[in-house]
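Overview (structure and organization)
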4 protein chains.
Amino acid sequence: MKFLPAKLERKLHRLKKHSRSPLKRKLDVMHENARNKVFQQSCDAYKDHKKSEYECRKRTTKMAGGSRETFLSDGSFHQSVGRVLLVAEFFAMMPVKGVTGKHPGDLSFSWRNVRTGFSLVFIASSLANFGLSLFKVLNNPISFNSVKPIIFRGSVLLVLIVALRLAQQWPNLMMYWHEVEQGLPQYPSQLAKCQMGHTIRMVMLVGMMLSFAEHLLSMISAINYASYCNSTADPIKNYFLRTNDEIFYVTSYSTTLAMWGKFQNVYSTFIWNYMDVFVMIVSIGLAAKFRQLNNDLKNFKGMHMAPSYWSERRIQYRNICILCDRMDDAISLITMVSFSNNLYFICVQLLRSLNTMPSVAHAVYFYFSLTFLIGRTLAVSLYSASVHDESRVTLRYLRCVPKDSWCPEVKRFSEEIISDEVALSGMKFFHLTRKLVLSVAGTIVTYELVLIQFHEDNGLWDCNQSYYS
Amino acid sequence: MKFLPAKLERKLHRLKKHSRSPLKRKLDVMHENARNKVFQQSCDAYKDHKKSEYECRKRTTKMAGGSRETFLSDGSFHQSVGRVLLVAEFFAMMPVKGVTGKHPGDLSFSWRNVRTGFSLVFIASSLANFGLSLFKVLNNPISFNSVKPIIFRGSVLLVLIVALRLAQQWPNLMMYWHEVEQGLPQYPSQLAKCQMGHTIRMVMLVGMMLSFAEHLLSMISAINYASYCNSTADPIKNYFLRTNDEIFYVTSYSTTLAMWGKFQNVYSTFIWNYMDVFVMIVSIGLAAKFRQLNNDLKNFKGMHMAPSYWSERRIQYRNICILCDRMDDAISLITMVSFSNNLYFICVQLLRSLNTMPSVAHAVYFYFSLTFLIGRTLAVSLYSASVHDESRVTLRYLRCVPKDSWCPEVKRFSEEIISDEVALSGMKFFHLTRKLVLSVAGTIVTYELVLIQFHEDNGLWDCNQSYYS
Amino acid sequence: MKFLPAKLERKLHRLKKHSRSPLKRKLDVMHENARNKVFQQSCDAYKDHKKSEYECRKRTTKMAGGSRETFLSDGSFHQSVGRVLLVAEFFAMMPVKGVTGKHPGDLSFSWRNVRTGFSLVFIASSLANFGLSLFKVLNNPISFNSVKPIIFRGSVLLVLIVALRLAQQWPNLMMYWHEVEQGLPQYPSQLAKCQMGHTIRMVMLVGMMLSFAEHLLSMISAINYASYCNSTADPIKNYFLRTNDEIFYVTSYSTTLAMWGKFQNVYSTFIWNYMDVFVMIVSIGLAAKFRQLNNDLKNFKGMHMAPSYWSERRIQYRNICILCDRMDDAISLITMVSFSNNLYFICVQLLRSLNTMPSVAHAVYFYFSLTFLIGRTLAVSLYSASVHDESRVTLRYLRCVPKDSWCPEVKRFSEEIISDEVALSGMKFFHLTRKLVLSVAGTIVTYELVLIQFHEDNGLWDCNQSYYS
Amino acid sequence: MKFLPAKLERKLHRLKKHSRSPLKRKLDVMHENARNKVFQQSCDAYKDHKKSEYECRKRTTKMAGGSRETFLSDGSFHQSVGRVLLVAEFFAMMPVKGVTGKHPGDLSFSWRNVRTGFSLVFIASSLANFGLSLFKVLNNPISFNSVKPIIFRGSVLLVLIVALRLAQQWPNLMMYWHEVEQGLPQYPSQLAKCQMGHTIRMVMLVGMMLSFAEHLLSMISAINYASYCNSTADPIKNYFLRTNDEIFYVTSYSTTLAMWGKFQNVYSTFIWNYMDVFVMIVSIGLAAKFRQLNNDLKNFKGMHMAPSYWSERRIQYRNICILCDRMDDAISLITMVSFSNNLYFICVQLLRSLNTMPSVAHAVYFYFSLTFLIGRTLAVSLYSASVHDESRVTLRYLRCVPKDSWCPEVKRFSEEIISDEVALSGMKFFHLTRKLVLSVAGTIVTYELVLIQFHEDNGLWDCNQSYYS
């Protein structure tokens, strides 16, 4: 009777991949015990942590109470971008209803809404303005510099149309964000919750402030310039003749048209800046979600976690990837317009930088504007590259998974991270990563070098040139 | 007696990779049951779906009946390209017999066929024309612009020869397509079946229409131009002296030669356009096969499928990859000629764009032609990049395979997709992906920038220049 | 009694990764049987094949008999390159003893050998010639074109020194080749054995013939040119004053020096061509070894092979990779010199191509030389890229391994192929792949475009320019 | 009774992945035995090796004894860089206390330390100097060449500030190095221990010697130049007016200011060279750690090692990777400044190289300086690329793990090496690998080609140009 099991035992042993010597086996057992203890401890620690966290959260919510609750962000992207979108709607972009609501379910889009109407009217107005610009440009010799107004107005128009289409998808997108956010690990503290919203608001504020400052400076410089090349006695008329030359190229001067032109300019400038800010904001949101996941993984770095833990994290990671993909599909045209615009305007400004400035006001405006442009481009690039960077950070924690916790789920997780390229893109033609920033910078520097090498004063500041933007 | 199995049980337990605590084990059992239920349901759903699909198909076929059957596509690539190839044969390309037959088995190539004869005669005629062009070009100073006729006629000649060689392989290739198509999951509906054929026919139609329009405009502009630089009193003679200058550079004017030259021009233009259309059509076909597979995977996304399901799909995917490879081997020379041609002609046209146009007819023709050229290049690039894009989409569905269905087969499948680069190529020197489009666009823009920067009017429109394409 | 096994059976069943329904199990059993049968058959087929192969080989060897044996190649790299190296030794390169021996064990290097002495003398002579060239160039204004002689002579000198160092390593390298070749699967036929040797000899022959033709043409054109710019009455003196201007820049004309200069020119030209041929030959050898392995895998494509089969193939593949690495370490400096030389000379020739030729003899020589240069560069690029291409082909056969033969060894094999980049390299700075060819071609075309755009006749053909390469 | 186990046996057999024929099984058993023997032998060899190693080490330490102990390096990075950092501190960089201590625990940073004070004073002084340079440059027309002084002084200033910040992190970084080094396999001999320290000291010595030689030559050439464009009668005054033109552009000549200017120049030149040397030293340190690990793997190449061996090595590799990451975060700004500086200065020097030199002293200085610059850039590039190269070498040993030792740990190890990109970086915008060197070289060559093509003497050597670097 004893014979049988012994035989079986031997056979069973040989099934184990590597037959081990008794000494090794003992060592393994010792390790196993030690590991189990550590695992138990980490499990207990996890439970305690979770418990205290939970209570902390309960307390926070209680403390917050009635009136304060409205101020407290729940850390969702929907709430964080609410006011940003409200400002955009004031400038005729993305006419979605309910952007400041508490729940993404309140979002809706309707063609009959007054915002949509306003947006459509502004698109029509922009189209007219674009047509006038196009007419003026085509009736003059074309150069790299002279097409600036049509590229400016054309891209604003394109972004407006894309934003309208995006507005229709926005409620669904936000619902998906909401779902993904529900599934993610909880924020460790109220501070962490507010962080994303805070960053988004700061980016919006700083972006808009600088854009406003630039517009003011541009006005001062234009007034200066207009008086310098004064075609009429009226300084205001001079100014408008200058900044809205595409209108008065066709028709004679009229105050109403001048006002309309001014209105168009202000709104277009806002939208031109806003598209960069918008790409930044979406990037911040997506990167924040990856960071939320990474923070949880960081807490359990090097610990012995059950396969189900990894499975859960993998699915959460996958969900953020899908979210990233959907957002990219929705905004990639805006990203593309934003990037090519920035590239083109930097090149044009660098071309101008080699010419002598007609006045000090011009020089100040010019260098401020160039710095702002380069800074904004860098900011967009780096913020959008951060999505990719954050998505790779996850791998760092997976690398520290101990030998005994290494299971097929962790393997699958790490392989998926390695092979996926999670990043915002310009219509899938290029992915926004740090390497892209380098190659873009390289291109600009090369262009500038060639410019310097073969420089002659191109007279870009003469009075007949289209001035504004 | 009870002792033994208990001991064995323990041993068997230790065979399981991770010894689990009883609580966990219970959870696992619960999960297992839940999963089994879901799996059973999905299996039933699958069966029901299949059944209804089958009946639907039966009905459709019945409804179609006698005469309608001929119109109903079975969704095969062979049937979809039948008429496209027939048109090509009319223009002396790819002389294969049986292209409109129902089964690829009817295809055959013979050197004695009248189509082959016609093709060979046309190749000889093209060769003569090419020789004349070469003679004229070599007897004049060479420049980037002046070699245009020999590049045009040379690539047409090359494509003709490649097409003849391709015609010999076509029956075998179509048989392989047929085999691969037989193995693929069924189309869900008759609509899905027709889609590929429809797209192919539309691409052919639009491509040929635009090419025809461009040729007409070119004729109008040439007549205009001929009368402007009138060397003789006869306008028709003027026109032919202009458009076939390579012939009348050697010999004096004769109506027969002029007719031959015209015939050559019309046919060459068709073939020059057709090579792009052909690359697009093959790309559409390959992308459609990947899409067919992806649609099936999409239906079962996130469900618990048996390993055999994945094994089957993997083999189908592999077959399409091999098909892709074989097609690429067969047509990659055409792809390369098509791409380099487009690149060269865009550069030449951009060089010309900086010169002042001699007349309005020229300007209209020129901008139409440039837009057509860029549009066609973009279309070829994007359609051929779609093969690569579709081949990567499969991965998205594999990412959603639930934990319990994750088996070695799925792993192997996903690893193969990650490591393979499935795409059409230009003789393996470059793969046709979206990144390529960007780098090509970047190259063209850089060239244009350098051109603008150092522009002087090169007098490309003077009367002594070779005019036609 | 029946209870126990049933229980065990259930437990054992649960060990199988996916519990399957009875219907599925039956299907599996059916499949299993079918597979076993196929496997048995393929095994038998394999044995039969091996047996017949063996007998065939025995017969071949017998048939060959005494005298024919010496002509029969055993397919080893050592035997294939024997005569090629002998020719090189005649031109003072790679002084290894025993290159035409039957076994690599006969190879040896000694500093006292007469070949080594000849090689050292020639290096000294080349150094003197290089010094004279350097002196002449430094005493004239430096330009992209004028440094041609020092780049030509400098790289020949560098290659000579590297070849001397390589000669010391050659016996060891050949022994390693021999070992790797011993481990590889047998050639299927005598024809396959001879193929590599045949290709190597053809490449050597064609390369040397063309190089000889080019040298003859260069002499004719130089004689022509010398008479055109005749400085003295003696045509032979004129010729030598022209082709060895670096010598007679320092000293006055003397026939001995002229003979020395001519000797140097002939030898340098040979070595300059030989370095390309050598890179090609090594590439052919390495690619042939990968092909030998691939052919074996192709024979068993899609069959059920034992893990030990895959393990064996993996180790053989690994050995070829290590061989590739060692060869690359040994010759990568030659590869780098060869590549940069070709790139530089193509650029210089293209620069010259824009100038008007002084005579028809020049034009013929120039275009022949340019075509030869571009053709040789392409040949080196494509042959060396073929090593990388062949190393990737292996993957294609691993993709077709059936589900049941998919074992950890196959997985490891395929992962190693995917992650390794097996290719010759230019000092690890660049790997020789098909993509490189494209980027090099792109660079040259861009350079040519810029040249054409800003072309002015640089007077590169005037009489005071150093003429000979 | 016999029935049961037989049945079980069959079942157990079917658990094995591939049922094998009896013949195969016997072969397997034979292999298994052979393997076990080899394994036992290699284990014994390992133990013996370890033992002898241990004794050898004990003896060495004993032999070393009291006084010699201080000279004997323990092979740690901290001890190796001690004197290098001491020199840096003398030049006001990285004011850390205890750099020459035996243990990294002795390191400390304090704002109140005299070194920190000196460093801060020098930063303030540099800032003043930078301001003066900026003032001079902005008051003159800007060109690629004229901004040289501000780029030189600006980057020195930036590096000084970064070094101050780095000084604060240095104690922690060194402690982490210490920990990683403790965990690594022991050095096989005392020689191996000293190697890294030796290389570091040699790089420092050679770098500083060459930099000193260059500064001397620059002084001689400046004195020469100053006397040539003598503005005053006093040669010393002339010299200082020339080399510190940014000071005397604002104020009139004074000996104290001249001394300050000279002091600034000497220190700035040192720091400008030191940043390259520093990047090299860190690279050498990191590469040495990878090499230490690789040497251990090399010793056991192809042997049967227990999974725990691989697990240990994997964790050690991971630790070096993390160390690499932390060092990169700390110094990547310095790396970036160093690289862009080198690139800019090479371009400027090449631009100057086309101009005729005013004197022989200039020519000598110029070519020495250019060679030194290119050599230093190459050295930095190759040393920093060696980190990446060494990190990939590990893979080579994993490829040779025998079939039976192939375990999940080895698999995980090799996959991690494949997917990680371990290298120093320039703020993550680019990784320092050999491919980067090629692309940088390509960029420089292209720039030089364009320069040569469109060269006109830019008069960069006239007397009004800012002279000193």
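Keep in mind that this is a model prediction, so the values were computed, not measured.

1. A word on the overall build of chain A
- Check the secondary structure of chain A and you find 13 helices and two strands.
- Expressed as a percentage of its 469 residues, the buried residues of chain A come to 52%.
- In chain A, of all internal contacts separated by at least 6 residues, the share reaching a separation of at least 24 is 80%.
- Accessible surface computed for chain A: about 21600 Å², of which carbon and sulfur atoms make up 63%.

2. Description of the packing of helix α10 (residues 307-353) of chain D against helix α11 (residues 360-398) of chain D
Residues and elements named next belong to chain D.
- Packing of α10 against α11 brings their axes to within 10 Å, and their N-to-C directions diverge by 160 degrees. Considering the angle they form, α10 stands roughly antiparallel to α11. Considering how the two elements wind past one another, α10 and α11 form a crossing that is left-handed.
- Of the residues contributing to the contact of α10 with α11, the split by class is 15 nonpolar, nine polar and two charged.

3. Description of the environment of D:Ile334
All names here are of chain D.
- With respect to the element layout, Ile334 can be found in helix α10.
- Looking at Ile334, the relative accessible area reads 2%, which means it is buried.
- Taking the C-alpha atoms as reference, Ile334 lies 8.5 Å from Asp276; in sequence the two are 58 residues apart.
- Excluding its chain neighbours within four sequence positions, the residues that come into contact with Ile334 are Val162, Leu166, Met275, Phe278 and Val279.

4. Quick notes on the confidence of the model for chain A
Residue and element names in this part refer to chain A.
- Summary statistics for chain A give a mean pLDDT of 83 and a share of 80% for residues scoring 70 or more.
- Every residue in residues 56-70 scores below 50 in pLDDT, and together they form seven contacts with partners more than four places removed in sequence or on other chains.
- In the model, residues 464-469 has pLDDT below 50 throughout and makes 26 contacts with residues more than four positions away in sequence or in other chains.
- In the model output, the complex is listed with pTM 0.84 alongside ipTM 0.80.

5. Focus on unusual backbone geometry
- Despite not being glycine, B:Met427 shows a phi value in the positive range, around 55 degrees.
- You can see B:Met427 is positioned in the loop between α12 (408-419) and α13 (434-453).
- Taking relative accessible area as the criterion, B:Met427 reaches 33% and is therefore assigned partly exposed.
- The backbone of D:Met94 shows a phi angle near 45 degrees, a positive value even though the residue is not glycine.
- Mapped onto the fold, D:Met94 is located in the loop between α3 (77-90) and α4 (114-138).

6. Quick notes on the state of the cysteines
- Across all of its chains, the model carries zero disulfides over all chains by this definition.
- B:Cys400 takes part in no disulfide bond, and the closest cysteine sulfur, belonging to A:Cys321, lies 10 Å away.

7. A look at a nonpolar patch on the surface
Residue and element names in this part refer to chain A.
- Nonpolar side chains collect at one region of the surface, where Met202, Leu205, Val206, Met209 and Leu210 lie side by side and expose about 450 Å² of accessible area between them.
- Mapping Val206 onto the fold places it in helix α6 (residues 190-228).
- A relative accessible area of 41% means that Val206 is categorised as partly exposed.

8. Some words on the pattern of salt bridges
- Taken as a whole, this structure holds 76 salt bridges over all chains when the rule is applied.
- Where A:Arg318 meets A:Asp420, a salt bridge forms, and the shortest distance between an N and an O atom there is 3.0 Å. Separated by 102 residues along the polypeptide, A:Arg318 in helix α10 (residues 307-353) and A:Asp420 in the loop between α12 (408-419) and β1 (425-426) bring together distant segments of the chain.
- Its relative accessible area of 16% is what places A:Asp420 among the buried residues.
- In this structure, D:Lys428 engages D:Asp328 in a salt bridge whose closest nitrogen and oxygen atoms are separated by 3.6 Å. Taken as a pair, D:Lys428 in the loop between β1 (425-426) and β2 (430-431) and D:Asp328 in helix α10 lie far apart in primary sequence, 100 residues in all.
- Overall, D:Lys428 belongs to the partly exposed group, its relative accessible area being 31%.
- We classify D:Asp328 as buried; its relative accessible area is 2%.
- Within the structure, one salt-bridge network assembled from shared partners comprises A:Lys411, A:Glu415, B:Lys411, B:Glu415, C:Lys411, C:Glu415, D:Lys411 and D:Glu415.

9. Examining the environment of C:His198
- Mapped onto the secondary structure, C:His198 falls in helix α6 (residues 190-228).
- Separated by 123 residues in sequence, C:His198 and C:Gly75 have C-alpha atoms that sit 10.0 Å apart.

10. Looking at the side chain of D:Asp420
- At a separation of 2.7 Å, a polar atom in the side chain of D:Asp420 contacts the side chain of A:Arg399.
- Those residues in contact with D:Asp420, other than ones at most four positions away along the chain, are A:Arg399, D:Arg318 and D:Arg392.

11. Regarding helix α4 (residues 114-138) of chain C
Residue and element names in this part refer to chain C.
- Its 25 residues place the ends of α4 36 Å apart at the C-alpha level, agreeing with the 36 Å of an ideal helix rising 1.5 Å per residue.
- Buried residues of α4: Thr116, Ser119, Phe122, Ile123, Ser125, Ser126, Asn129, Ser133, Lys136 and Val137, and no others.
- Where α4 is buried, its residues contact α5 (148-183), α8 (245-248) and α9 (255-299).
- Between the side-chain oxygen at the start of α4 and the backbone nitrogen of Arg115 there is a gap of 2.8 Å, and the oxygen is on Asn113.

12. Here's the deal with the packing of aromatic side chains
- Within this structure, the stated rule accounts for 100 aromatic pairs over all chains.
- Pairing B:Phe122 with B:Tyr267 gives two aromatic rings, centres 5.2 Å apart and planes at 50 degrees, and the pair type is tilted. Within this pair, whereas B:Phe122 is found in helix α4 (residues 114-138), its partner B:Tyr267 is found in helix α9 (residues 255-299), the two being separated by 145 residues in sequence.
- By relative accessible area, B:Phe122 is classed as buried at 2%.
- Where C:Phe248 meets C:Tyr253, the ring centres are 5.2 Å apart and the plane angle is 45 degrees; that geometry is what we call tilted.
- By relative accessible area, C:Phe248 is classed as buried at 12%.
- The exposure class of C:Tyr253 is partly exposed, given its relative accessible area of 24%.

13. Notes on the packing of α3(D) against helix α9 (residues 255-299) of chain D
Residues and elements named next belong to chain D.
- Orientation of α3 relative to α9, taken along the N-to-C sense of each, is 170 degrees, at an axis distance of 11 Å. In terms of orientation, α3 and α9 fall into the roughly antiparallel class. Judged by residue contacts, Phe77, Val81, Val84, Leu85, Val87, Ala88 and Phe90 of α3 engage Tyr267, Phe270, Tyr274, Phe278, Ile281, Val282 and Gly285 from α9.
- Broken down by class, the residue content of the contact of α3 with α9 amounts to 13 nonpolar, one polar and no charged.

Cut-offs used in this document
- Here the residue numbering is sequential within each chain, running from 1 through the sequence in written order.
- Going through the entries in the order they are written, you letter the chains from A and number the ligands from 1.
- Local features in this predicted model are restricted to residues of pLDDT 70 or higher, and side-chain atom pairs are both shown and tallied only at a pLDDT of 80 or more, whereas totals for entire chains, interfaces and linings draw on every residue.
- Calculated side-chain values reflect all of the structure's heavy atoms, with hydrogen atoms and water omitted.
- Secondary structure is summarised from DSSP: a helix means a run of H or I of at least four residues, a strand means a run of E of at least two, and numbering begins at the N terminus for each.
- Throughout, exposure labels follow a simple rule: accessible area from a 1.4 Å probe, protein chains only, divided by the maximum for the residue type, with under 20% read as buried, over 50% as exposed, and the rest as partly exposed.
- Here, two residues are considered to be in contact whenever any of their heavy atoms come within 4.5 Å of each other.
- What sets the accessible areas is the Shrake-Rupley method with a 1.4 Å probe; for residues, cover comes only from the shown protein chains.
- Interaxial angles span 0 to 180 degrees and are taken between N-to-C directions of axes, which are lines fitted to C-alpha atoms, for helices over the stretch in contact.
- An angle below 35 degrees is read as roughly parallel, one above 145 as roughly antiparallel, one from 65 to 115 as roughly perpendicular, and any other as oblique.
- Two helices crossing with the near one rotated counterclockwise from the far one by less than a right angle form a left-handed crossing, whereas a clockwise rotation gives a right-handed crossing.
- Residues are grouped as follows: nonpolar covers Ala, Val, Leu, Ile, Met, Phe, Trp, Tyr, Cys and Pro; charged covers Asp, Glu, Lys and Arg; every other residue, Gly included, is treated as polar.
- Looking at any residue, its pLDDT shows the predictor's confidence there, from 0 to 100.
- Cysteine sulfur pairs qualify as disulfides if the two atoms are within 2.5 Å.
- Patch definition: residues above 30% relative accessible area lacking any salt bridge, with like charges linked at up to 9 Å and the nonpolar side chains Val, Leu, Ile, Met, Phe, Trp and Tyr linked at up to 5 Å.
- Criterion for a salt bridge: a side-chain nitrogen of Lys or Arg within 4 Å of a carboxyl oxygen of Asp or Glu.
- Polar contacts here mean pairs of N or O atoms no more than 3.5 Å apart (in protein, one a potential hydrogen donor and the other a potential acceptor; neighbouring residues in sequence count only if both atoms are side-chain atoms).
- To estimate how far a helix should extend, the number of its residues minus one is multiplied by 1.5 Å.
- Two aromatic rings, drawn from Phe, Tyr or Trp (for Trp, its six-membered ring), form a pair once their centres lie within 6.5 Å of each other, and the interplanar angle then sorts them: stacked below 30 degrees, edge-to-face above 60, tilted otherwise.

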